[in-house]
Amino acid sequence: MMNARQYEESLRKLNLNVYMFGERITNVVDNPIIRPSMNAVALTYELAHHPKSEAIMTATSHLSGQKINRFTHIHQSVDDLVKKSKMGRLLGSHTGCCFQRCVGMDALNALSMTTFDIDRKYGTEYHPRFLKYLAFVQENDLTCDGAMTDPKGDRSLPPHQQHDPDLYLRVVEEKPDGIVVRGAKAHQTGAVNSHEIIVMPTISMRQEDKDYAVSFALPSDTDGITYIMGRQSCDTRKLEGKTFDVGNVRYGGHEALVVFDNVFVPWERVFMFKEYDFAGQLVEQFASYHRQSYACKVGVGDVLIGAAQTIAEFNGVSKVSHIRDKIIEMNQLNETLYCGCIACAAEGHPEPSGTYYVNTLLANVHKQNVTRFPYEIARLAQDIAGGLMVTLPSEKDLLSPEVGKWVRKYYQTSPNVPLESRLRILRLIENLTLGTAAVGYLTESMHGAGSPQAQRIMISRQVNMDGKKKLAQKLCGITEGD
Ligand code: SF4
Ligand code: FE
């Protein structure tokens, strides 16, 4: 297993084609806007070596019997699934942001099942191919970007009817030694912190869309792949030098548009090729695992609740009954989220491939809660923090020889509370609810792993409505045939 430093060094060896603000970024690792997101992924390596967290952060490979980072593991038991949820909360609470590495783990687990099922139906060899790839990922402790979301163009049209056929990623050429693909994947979490990109289709498909039913893995610096970094609210504060105005002074997340411009994929890295009838299954399995992964938001919620309690104490209002009640409300909401991600894991089961799979109904209910509760927790945090969170002068004003004395004089609550601490915690709440980290805590909670309606469809499909009707009808004496 790599440690944080080895991970950072491994990224330096990659030759990624990354653009931000219209310019090529040659040194990705040290770029001040990207670096905090690299720090967050590095923690997934670091904590695997910590005596306190290694039981959660590591697992035993079912391929090699070796100790591996859990992010490269294929779940072999309910205990593995539960530990995965706990790992999400742990890392969210230590980073206060999206730590990015879950998408690859969820892609590997979904592929371990779908490749097995395709082979059973068609006699193909995707599963052994996949296991060989998995062994490579585990041995080298790699971070993988699980790339699912296509740009999708006109949402009312299937892939093959789009005005531009590349709006969904597709196979454009078949060669004796591999395939050529073209298209893009949007909102790619942690893409430029990844060694590998694992591409999957984004929706269920029919025969006319078979060129779009493709899954494969490539090294992230393969020729023809370009990364265009997404902007985040307040991102350029990171260019102001070392300042607590960034809110989270250590960690962050990132997303990117990843473009595949006629990229060659050798056959040994292709895991689905035109088996359109399995596209929907792969999407559903990845999505259900990733909905479980939103355990991360419970950890970020821990940070925000801690920040709200801190500012309440700094402001001298922590004992006021309505403030206490709001903190209780935040905790109740956050722990309810925790219940969901633990429950879908505890109710998991093995699939034919042997991989343990979450209870998909509960995973979807969990994610649906995540589309709502963090917004309420954030609202309560802003309520407790007060308006100063958004009207606060900059750190530079605090340090100014001319006006610093006024900032100190008028923003001091009590001589016992260091002013800088008060300003720092307000900036953290701003960061989590309005700034760069709000991408992860709020918008990603809404749309990541599928937008709310996607979960509602799954919930409606998976509840046993007939069973519920029978229960009710029996109790009031309705007999069959009535
Ligand atoms: Fe992992 Fe959460 Fe980020 Fe998704 S949003 S990659 S689950 S940390
Ligand atoms: Fe996400």
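Anything mentioned here points back to the structure above.
Cut-offs and rules
- Residues numbered from 1 in each chain as written.
- Chains lettered and ligands numbered in written order.
- Predicted model: local features only at pLDDT ≥ 70, side-chain atom pairs only at ≥ 80, totals over all residues.
- Heavy atoms only, no water.
- Donors = N, O, S within 2.8 Å, 3.2 Å for Na, K, Ca; no water.
- Helix = DSSP H or I, 4+ residues; strand = E, 2+ residues; numbered from the N terminus.
- Buried < 20%, exposed > 50% of the residue type's maximum accessible area, 1.4 Å probe, protein only.
- Axes fitted to C-alpha atoms, helices over the stretch in contact; angles between N-to-C directions.
- Parallel < 35°, antiparallel > 145°, perpendicular 65-115°, else oblique.
- Left-handed = near helix turned anticlockwise from the far one by under 90°.
- Contact = heavy atoms within 4.5 Å.
- Nonpolar A, V, L, I, M, F, W, Y, C, P; charged D, E, K, R; others polar.
- Pairing = 2+ DSSP bridges.

Caption draft 1: The arrangement of the coordination of the iron ion (ligand 2) in detail. Tyr 294 (OH) and Glu 444 (OE) make up the full set of protein donors to the iron ion (ligand 2), lying at 2.4 to 2.7 Å. Of this pair, Tyr 294 sits in the loop between α7 (279-293) and α8 (296-314) while Glu 444 sits in helix α16 (residues 436-447), and the two are 150 residues apart along the sequence. You can call Tyr 294 buried: its relative accessible area is 3%. Assessed through its relative accessible area of 11%, Glu 444 is described here as buried.

Caption draft 2: Inspection of the packing of helix α9 (residues 321-346) against helix α10 (residues 360-370) at higher detail. Across the interface, α9 lies against α10 with an axial gap of 8 Å and an inter-helix angle of 160 degrees. For the element pair α9 / α10, the angle class is roughly antiparallel. Crossing geometry of α9 relative to α10 is assigned as left-handed. Two secondary-structure elements touch here, α9 through Leu 337, Gly 340, Cys 341, Ala 343 and Cys 344 and α10 through Leu 362, Ala 363, His 366, Asn 369 and Val 370. For the contact of α9 with α10, the class distribution of residues is seven nonpolar, three polar and no charged.

Caption draft 3: A look at the pairing of strand β9 (residues 214-219). Of all six residues making up β9, five are buried, and the element is well covered by its neighbours. Both strand β8 (residues 196-199) and β9 contribute to a ladder of four bridges, which runs antiparallel. Looking at the pairing, Ile 197 lines up with Leu 218 of β9. For β9 and strand β12 (residues 270-273), the ladder comprises three bridges, and the chain directions are antiparallel. Residue pairing for β12: Phe 216 is matched across the bridge by Val 270.

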